[in-house]
Structures are given as structure tokens and as C-alpha cells.
Amino acid sequence: MTVYADKPARLGQSRMSDGRLLGWAEWGPSDGVPVVLCPGAATSRWLGFGAGVVEALGVRLVSVDRPGLGVSTPAPGRTFSDFAGDMRELCAMRGLGRPAVVGNSQGAPFALACADAGLASALAVVSGADEMAAPEFASLLPADLRRLVERTACDPGGAEAFFAGYTADAMWDMVMAGSPGCDLAVYQDPEFGSLYRRALAEGFGQGGAGYARDTVLAMGRWPFALDRIAVPVDIWYGERDVSHSPDNGALLATRMPGADRRIVSGIGGALLWTHAEPVLTSLLEKAGAQG
């Protein structure tokens, strides 16, 4: 039986210089090659990926609760730059150096913020939430999503209040309703489904404000210059992924010089869990090439 994810090997919280706590989880050897995961929408540190693979590859996988999610202290009004600052401080405290970074789903722009700030040695965007507010996508978005993007641009405060009304159950239902059968086979696997639902419950453990802030940031215009990201980048999408990017990352790849875009057949947004080994193998090769 395929095991898509497993429980963390180590859990902890680190205190930032301003007194806030940042929660983290780790898998793999504690002296392994550091790889930081920026997890998807509203999921806590509890949901990792690559069960068995991180150990075999010697990876120290670290997942971090963004502020207001899981056990991390809320930080109202936070920005992408604030998140990159948190990660710089956490990497110094936890001895992570300049890690490779994985951004999954809504975690993708936060991973890009780390790369933009010079914190990453290499980057993998896996089923990444694309910049839906980019003008090139205006005519490609479904009507409901286009209205949300427009609402976020015109009234970010009102949009944030709207998103704060979401719950763990509502997120689970939305994922189940919007996923193809190949992804549902992963999400509804009893062991993985239990981990996923626990991660959602923890993600909303302090209410919906953390998810709402993430969503307003991700759904607005991104403030970083993608063409100045100098580290090697892999962009991964499943060919059946219909929710994360209008063009499966084609535009995103052109905006980052040297990015390698990979489209995987037979899977959608669950790609991170079904293809952990090639994702991590390529990422480690790219990070190693940076010295």
C-alpha cells in the first residue's frame, strides 16, 4: 500500500525576536539536507510529504505554520516580506542555513517570497497557486474566481473578512468537490485523509484569520520581481490540475529565467504526495549545484 505522508518525527515552536511563536514540524534525519516546506492553504505543520523518501534521500524536511495557522502566533496585517523575515530568523535559529524550499498550493507565493529574499538555495513550486490577479489571466478565470480576485483588489479588507468565515470542514468540502478522481484516491486514502483533516483542523485552530490573510496576499498582485529570482526553479503541475493555475504554470515559467516546467500525466493537485521522489531528487540536484 502506498503511504503518501506520515506523522512528524519532531515538533516544536521557536520564539521570534518580537516574542511571537512560530510552529514547525520535521521529518527525516535531524542532520539531513534541509528542505523547507511552505504548505498549502489552511494546513498546519502536521501535513508533510514524501513518507520514506525523505529518509532515503537524507532530507531534513521542515514544515512551518504561517502566522495565525496551527500554533504560530497571529500577525495581523503581515506581508510576504514579513514572512521572509520570519523564515530568515527561523533558519538561523534552527541551523537550516540556506535551505532548498518547496511551495505547495497556496504556499507557493510564500516560497517565492523566500527565493526573492535570497533565502533559498533552490526552489520547487508544486501545484502552486498562480498569480490569479495577473492581467494575462483576466479572461481565463472562471466567473466566480474572477469576481473574488476583483473583490480582493477593490476591497482587500472586506475580502479578508469574507475569507475569515471559512472553516476546516468548508475547506475539506471545497477540495473534495473540486478534485478529479485521481486526486480523490489520495485525499480519501484513510491514513492520508486523517493527516490532511488533522492539518486543516489545526490550521483553523485559531479561527479563519490566518487563512484569510494568506488568501488576500496570494490572490492579490505579488510584490516580488520574479525575473530577479536567480536560484534554480522547478515548476511542477499535474496535467489534470484545474484549480491552481489557468495554464498549468506556463506563464509563471516564462517569468523566471531558467525555470524548468514539468507537467505530469495522470494526476492533478495531489502531485506533491504522489511524486515526492522526483520532486525532491531534482530539487536536491539543483541545490547541490549551487554549492
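Preceding this paragraph is the structure being described.
Just so we're clear, the structure is a prediction, and the values are computed from it rather than from any experiment.

Caption draft 1: Quick peek at the layout of surface pockets. Reported here for the largest pocket is a volume of approximately 1,100 Å³. Along the wall of the largest pocket there are 45 residues; nearest its centre are Ala-41, Ser-105, Met-174, Ser-243 and His-244. Among the elements of the structure, helix H4 (143–154), helix H6 (168–178), helix H7 (181–187), helix H8 (190–203), helix H9 (209–219) and helix H11 (271–274) are those that each provide at least two residues to the lining of the largest pocket. For the lining of the largest pocket, a count of residues per class yields 27 nonpolar, 13 polar and five charged.

Caption draft 2: Layout of H9. Burial analysis of H9 places ten of its eleven residues in the buried class, the great majority of the element. Buried residues belonging to H9 abut helix H2 (80–94), helix H3 (108–116), H4, helix H5 (156–163) and H6.

Caption draft 3: Fine view of the packing of aromatic side chains. If you walk through the whole model with that rule in mind, you get 17 aromatic pairs. When the centroid spacing of 6.3 Å and the interplanar angle of 45° are considered together, the rings of Phe-163 and Tyr-166 count as tilted. Here the aromatic residues Tyr-4, Trp-172, Tyr-187, Phe-192, Tyr-196 and Trp-273 are joined through ring pairs into a cluster of three or more. Note that Arg-66 overlies the ring of Phe-110, its terminal NZ or CZ placed 4.6 Å from the centroid. Sitting over the face of the ring of Trp-46, Arg-198 holds its NZ or CZ atom 3.6 Å from the ring centroid.

Caption draft 4: View of the sheet that holds strand S1 (residues 10–15). If you walk across this open sheet you meet the eight strands as S1-S2-S4-S3-S5-S6-S7-S8, and the pairing is mixed. The open sheet has two edge strands, S1 and strand S8 (260–264), and neither has a second partner. For this sheet, the mean inter-axis angle between neighbouring strands, taken without regard to orientation, is 20°. Pairing of strand S7 (residues 233–238) with S8 involves five bridges; the strand directions are parallel. Each residue of the ladder has a partner; that of Tyr-237, found in S8, is Ile-263. Here H2 sits on the sheet and contacts S1, strand S2 (21–27), strand S3 (33–38) and strand S4 (59–64); the angle it forms with S2, its principal contact strand, is near 60°.

Caption draft 5: Representation of the pairing of S4. Judged by how many residues are buried, S4 sits mostly within the fold: six of six residues are covered. Neither face of S4 is exposed, since Val-59, Leu-61 and Ser-63 on one face and Arg-60, Val-62 and Val-64 on the opposite face are all buried. Note: S3 against S4, five bridges, orientation parallel. What sits directly across from Pro-34, in S4, is Arg-60.

Scoring rules and cut-offs
- Residues numbered from 1 in each chain as written.
- Predicted model: local features only at pLDDT ≥ 70, side-chain atom pairs only at ≥ 80, totals over all residues.
- Heavy atoms only, no water.
- 1 Å grid on protein atoms, 1.4 Å probe; cavity = no way out; pocket = protein on both sides within 12 Å on 5 of 7 lines; lining within 4 Å.
- Points joined across faces, edges and corners; volume = space filled by probe spheres on them.
- Helix = DSSP H or I, 4+ residues; strand = E, 2+ residues; numbered from the N terminus.
- Nonpolar A, V, L, I, M, F, W, Y, C, P; charged D, E, K, R; others polar.
- Buried < 20%, exposed > 50% of the residue type's maximum accessible area, 1.4 Å probe, protein only.
- Contact = heavy atoms within 4.5 Å.
- Phe/Tyr/Trp six-rings, centres within 6.5 Å; stacked < 30°, edge-to-face > 60°.
- Lys NZ or Arg CZ within 6 Å of the ring centre and 35° of its normal.
- Pairing = 2+ DSSP bridges.
- Axes fitted to C-alpha atoms, helices over the stretch in contact; angles between N-to-C directions.

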